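What the coordinates show
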Amino acid sequence: MECDEKLVRFRQAHLNPFNKQLGQGQHDQEAGDDLSCRDSLLGLSHGDPGFQCSERVMDLGLAEDHFSRPVGLFLASDIQQLRQAIEECKQVILELPEHSERQKDAVVRLIHLRLKLQELKDPSEDEPNIRVLLEHRFYKEKSKSVKQTCDKCNAIIWGLIQIWYTCTGCYYRCHSKCLNLISKPCVRSKVSHQAEYELSICPETGLDSQDYRCAECRAPISLRGMPSEARQCDYTGLYYCGNCHWNDLAVIPARVIHNWDFEPRKVSRCSMRYLALMVSRPVLKLREINPLLFNYVEELVEIRKLRQDILLMKPYFITCKEAMEARLLLQLQDRQHFVENDEMYSLQDLIDIQAGRLSCSLTEIHTLFAKHIKLDCERCQAKGFVCELCKEGDVLFPFDSHTSVCTDCSAVFHRDCYYDNSTTCPRCVRLSLRKQSLFRGPSAEEQA
């Protein structure tokens, strides 16, 4: 009988029923002390309102058995119970004496309850799939296994337990908690509205012009590294902190155009994203920026000649049914500006020219186009020219290497015949006489 009573007290107050050295009074005293100690850990008091009922104590998990959790853990199984417990804990905090130890313990318990609620609730319940901020269009990522780095706080994004977003325009990645801290607009808007490069080589103005602060987040920086190291962007010439400048390497357009220098240099994160979005945009007009570059880079001259030939082939394909069905012009779908003009270049074009890739691929496309016009298609062959100066030789086309084209009427001649002949173009003379006869015809009929 005595053992059963000790077992009951053990279940309620963690007493050891096999400790026979303690008397009955000591057992009761320790049981009361243990219960009061446990109540103080949970921020509860038997005199507090709302905690008088023994059934309420049982709901909070204070009456433990052999299968109960350790003392101090809250037994809430779902989100609704946690929210109810949080509201009750708030009420208890307001009723407890201000700045008391019990109130501090209750605040700590409230924090743990909120953290537990954050872990249990569905992330999609409060986090939208799309967030628009400073022209960024953020989409919530669904991948849980990819480890990325937050562009705002420079910390690792653990996709398994954290919510993170990616901007579909500039591919800016950040935690959900860092979204409201972003201060830089999306560089995609700058590319859309003002697509141009900085063409001065590292236009540095000094840290004093930035008030010794990061050019992006305005954090204090210095060259001494205190409080943060100042890192220079070779593209903009500005200085950035370590969170905004990760020592990424990129090819600088100004150095390519002026020095034909393709060595990657350190740039800020913002400049890195801008250059990545601009790399395929044809915004460089080399003849105006640096016309002398064609005198020193032979590959540029070769590429310019191939592009000019392709522009001369384009009218054949537009009026050819077989060429349109074969979609020959789609061979240049990655470089649409090649079929529009021969002056504009993208930074990727210059990089491929320096590496030798563009010359090989463009030569193959040029050969394919010429083969269709001169050999495969009879309609395109019928649009060829015969040299009207010598009236000998094969059918000529304007993109042939040994021909010359009249700038006025686009007639095609042998190059030697065209430059040896001191007279004007025969076709231009014939067209001029035809125009004169048309103007004279109505006047002659009126006089008659």
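Everything below is about the structure shown above.
Since the structure is predicted, the reported quantities are computational estimates derived from the model, not experimental observations. Position numbers for residues count from 1 along each chain, tracking the sequence in the order it is written. The predicted nature of this model means local features are confined to residues of pLDDT at least 70 and side-chain atom pairs, given and counted, to a pLDDT of 80 or more, with totals for whole chains, interfaces and linings taken over all residues. Side-chain metrics in this entry use all non-hydrogen atoms of the structure; hydrogen atoms and water are not considered.

Before going further, it helps to spend a moment on the pattern of salt bridges. Two side chains with opposite charge may pair up if their charged atoms get near one another. Just to be clear on terms, a salt bridge is a Lys or Arg side-chain nitrogen sitting within 4 Å of an Asp or Glu carboxyl oxygen. Taken as a whole and assessed by the stated rule, the structure comprises 19 salt bridges. One salt bridge in this structure joins Asp151 and Arg273, with 3.9 Å as the shortest N-O distance. Residue Asp151 is located in the loop between β3 (147-149) and β4 (156-158), and its partner Arg273 is located in helix α8 (residues 269-278); the two are separated by 122 residues in the primary sequence. Residue Asp151 shares its accessibility class with Arg273, and that shared class is buried. Residues Asp261 and Arg265 are paired through a salt bridge, measuring 3.0 Å at the closest nitrogen-oxygen approach. A network of salt bridges, in which partner residues are shared, links Lys285, Arg287, Glu288, Asp342 and Glu343. Labels follow the DSSP assignment, with helices taken as runs of H or I lasting at least four residues and strands as runs of E lasting at least two, numbered in each case from the N terminus. The buried label applies to any residue whose accessible area, calculated with a 1.4 Å probe on protein chains only, is under 20% of its type's maximum; exposed applies above 50%, and partly exposed to all values in between.

Attention now goes to a nonpolar patch on the surface. On the surface, a nonpolar cluster with roughly 470 Å² of combined accessible area is contributed by Ile156, Trp158, Leu160 and Ile161. Among the structural elements, Ile156 can be located in strand β4. A relative accessible area of 37% means that Ile156 is categorised as partly exposed. Surface patches are defined over residues having more than 30% relative accessible area and no salt bridge, joining like charges when they lie within 9 Å and nonpolar side chains (Val, Leu, Ile, Met, Phe, Trp, Tyr) when within 5 Å. For every accessible area listed, the method is Shrake-Rupley and the probe measures 1.4 Å; residues are considered covered only by the protein chains on display.

This part covers the sheet that holds strand β5 (residues 164-167). One open sheet accounts for 4 strands, arranged β1-β2-β5-β6; its pairing is antiparallel. Of all the strands in the sheet, the pair left with one neighbour each is β1 (130-133) and β6 (173-175). Within the sheet, the average angular offset between the axes of one strand and its neighbour, ignoring direction, is 30 degrees. For two strands to be treated as a pair, DSSP must find no fewer than two bridges joining them. Between N-to-C directions, angles span 0 to 180 degrees; the directions come from axes that are lines fitted to C-alpha atoms, helices contributing only their stretch in contact.

A 1.4 Å probe that fits but cannot get out identifies a cavity on a 1 Å grid over protein atoms alone, an open set with protein on both sides within 12 Å along at least five of seven lines counts as a pocket, and a residue lines either if it has an atom within 4 Å of a point. Grid points are joined across faces, edges and corners, and a volume is the space filled by probe spheres set on the points. As enumerated under the stated definition, the model contains 2 cavities of 30 Å³ or more in all. Looking at the largest cavity, its volume works out to about 100 Å³. Lining the largest cavity are Asp151, Lys152, Tyr172, Ile182, Ser183, Lys184, Glu216, Cys217, Asn243, Cys244, Arg269 and Arg273. Considered class by class, the residues forming the lining of the largest cavity number 4 nonpolar, 2 polar and 6 charged. Residues are grouped as follows: Ala, Val, Leu, Ile, Met, Phe, Trp, Tyr, Cys and Pro are nonpolar; Asp, Glu, Lys and Arg are charged; every other residue, Gly included, is polar.

With that settled, the discussion passes to unusual backbone geometry. Even without being glycine, Asp211 reaches a positive phi, approximately 60 degrees. Positive phi values are uncommon outside glycine, yet Trp260 reaches one of about 55 degrees. Topologically, Trp260 is positioned in the loop between α7 (253-259) and β10 (265-267).

What follows deals with the pairing of strand β2 (residues 136-140). The alternating pattern of β2 places His136, Phe138 and Lys140 on a buried face, while none of Arg137 and Tyr139, on the opposite face, is buried. As defined by bridge partners, β1 adjoins β2 across 4 bridges and the pair is classed as antiparallel. Along β2, the bridge assignment pairs Arg131 with Phe138. Linkage of β1 to β2, two consecutive antiparallel strands, is achieved through a turn of 2 residues, within which Leu134 is found at a positive phi near 50 degrees. In this sheet, β5 lies alongside β2 in antiparallel orientation, the contact comprising 3 bridges. By the bridge assignment for β5, Lys140 is matched with Tyr165.

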